[in-house]
Amino acid sequence: MRMALDLAQAAADAGEVPVGAVVVDEATGTVVATGANGPVAAHDPTAHAEIVALRAAALATGNYRLTGLTLYVTLEPCAMCAGAVSHARIGRVVWGADDPKGGAVINGPRLFEQPTLHSRPRTEGGVLADEAASLLRGFFRERRSARPVSQA
């Protein structure tokens, strides 16, 4: 998760929402792939950290099915990312901060609880949650303070 937090900080430094993701082989503990949020720079609404990491992991393993791997991400995955995790057959998802507004694992649609889902990973939230949430709060605080004040 520390590596994911470093990736989140790099995303923030690049002007992206600070979310980082790391895919790890459960059997060996080896990092298979990483990703950082990049929708702004890539002009791609699907370039969430999780999707970037899953794409890189599929290329690294030569397989779109990523069984036996764990996804570490600094923020609870949204519906798009949770769906991709399911399709990829990721074995476990670990996240930092919960996302009451956009999350889809323990918040919102609770995607992994849906009966029609392809694959259900094991899940664990709240790992280094304070650090992950602090990064997000700081990023958005800075963005709000940088907006020009209306003269109306």
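To be clear, the structure that these remarks concern was listed above.
Report follows, based on the coordinates. (Residues numbered from 1 in each chain as written. Predicted model: local features only at pLDDT ≥ 70, side-chain atom pairs only at ≥ 80, totals over all residues. Heavy atoms only, no water.)

## Some points on the overall build of the protein chain
What counts here: The numbering of helices and of strands both runs from the N terminus, where a helix is a DSSP run of H or I of at least 4 residues and a strand a run of E of at least 2. Atoms counted for the radius of gyration: C-alpha only. Globule rule: 2.2 Å times residue count to the power 0.38. Exposure is judged per residue with a 1.4 Å probe applied to protein chains only, and the accessible area is read against the type maximum: over 50% gives exposed, under 20% gives buried, and values in between give partly exposed. For this analysis, residues touch if any pair of their heavy atoms sits within 4.5 Å. What sets the accessible areas is the Shrake-Rupley method with a 1.4 Å probe; for residues, cover comes only from the shown protein chains. Neither His nor the chain ends contribute to the count of charged residues, in which Lys and Arg are positive and Asp and Glu negative. A charged residue contributes its charge at one atom only: NZ of Lys, CZ of Arg, CG of Asp or CD of Glu.
Scanning the protein chain from terminus to terminus reveals five helices and five strands. Each helix and strand of the protein chain, ordered N terminal to C terminal, gives the series α-β-β-α-α-β-α-β-β-α. Its C-alpha radius of gyration of 15 Å places the protein chain within 12% of the 15 Å reference for a compact globule of 152 residues. Projected onto its principal axes, the C-alpha positions of the protein chain cover 55 × 30 × 30 Å. A buried classification covers 43% of the 152 residues belonging to the protein chain. Partitioning the contacts of the protein chain with sequence separation of at least 6, the portion at a separation of at least 24 is 57%. Element-wise, carbon and sulfur atoms account for 54% of the exposed surface of the protein chain, whose accessible area totals about 8,100 Å². Where the 14 positive side-chain charges of the protein chain centre and where its 15 negative ones centre are 5 Å apart.

## Focus: the nonpolar core
Cut-off, in case you're wondering: Here, the term nonpolar core denotes a set of buried Ala, Val, Leu, Ile, Met, Phe, Trp, Tyr and Cys residues that are joined through side-chain atoms within 4.5 Å.
If you look at the biggest cluster of nonpolar residues, it comprises 30 residues, and the most contacted ones within it are Val23, Leu66, Leu71, Val85, Ile90 and Phe112. Breaking this core down by element, the ones donating at least two residues are helix H1 (2–13), strand S1 (20–25), helix H3 (49–61), strand S3 (69–75), helix H4 (79–88), strand S4 (92–97) and helix H5 (129–146). With residues near it in sequence (within four places) discarded, Phe112 still touches Ala82, Val85, Val93, Ala104, Val105, Leu117, Arg120, Pro121 and Thr123. By size, the runner-up hydrophobic cluster in this structure holds seven residues, among which are Ala4, Leu7, Val24 and Val94.

## Concerning the packing of H1 against H5
Any two packed helices are characterised by how steeply their axes cross, that is the angle between the axes, and by the distance between the axes. This is how the line gets drawn: Each axis is a line fitted through C-alpha atoms, taken for helices only over the stretch in contact, and angles between the N-to-C directions span 0 to 180 degrees. The scheme is simple: roughly parallel for angles under 35 degrees, roughly antiparallel for over 145, roughly perpendicular for 65 to 115, oblique for anything else. Following the grouping adopted for this structure description, the nonpolar residues are Ala, Val, Leu, Ile, Met, Phe, Trp, Tyr, Cys and Pro, the charged ones are Asp, Glu, Lys and Arg, and the polar ones are all others, Gly among them.
Running from amino to carboxyl end, H1 crosses H5 at an angle of 5°, the nearest separation of the two axes being 10 Å. By the angle between their directions, the pair H1 and H5 is classed as roughly parallel. Listed contacts from H5 to Arg2, Leu5, Ala8, Gln9 and Ala12 of H1 are Glu131, Ala132, Leu135 and Phe139. For the contact of H1 with H5, the per-class residue count stands at six nonpolar, one polar and two charged.

## Some thoughts on a positive patch on the surface
Which entries qualify depends on this criterion: Only residues whose relative accessible area exceeds 30% and that take part in no salt bridge are eligible for patches, with like-charged residues grouped when within 9 Å of each other and nonpolar side chains (Val, Leu, Ile, Met, Phe, Trp, Tyr) grouped when within 5 Å. For salt bridges, the criterion is a side-chain nitrogen of Lys or Arg within 4 Å of an Asp or Glu carboxyl oxygen.
On the surface, Arg137, Arg141, Arg143, Arg144 and Arg147 cluster together into a positively charged patch. Examined against the element boundaries, Arg137 turns out to sit in helix H5. Exposure remark for Arg137: the relative accessible area of 49% places this residue in the partly exposed category.

## Quick word on the state of the cysteines
To keep it simple, the criterion reads: Only a pair of cysteine sulfur atoms within 2.5 Å qualifies as a disulfide here.
Enumeration according to the criterion identifies zero disulfides in this entry. Between Cys78, a cysteine without a disulfide, and Cys81, which holds the nearest cysteine sulfur, the sulfur-to-sulfur distance is 3.7 Å. Here Cys81 falls in the buried class, since its relative accessible area comes to 0%.

Nothing here speaks to function; it is all geometry.
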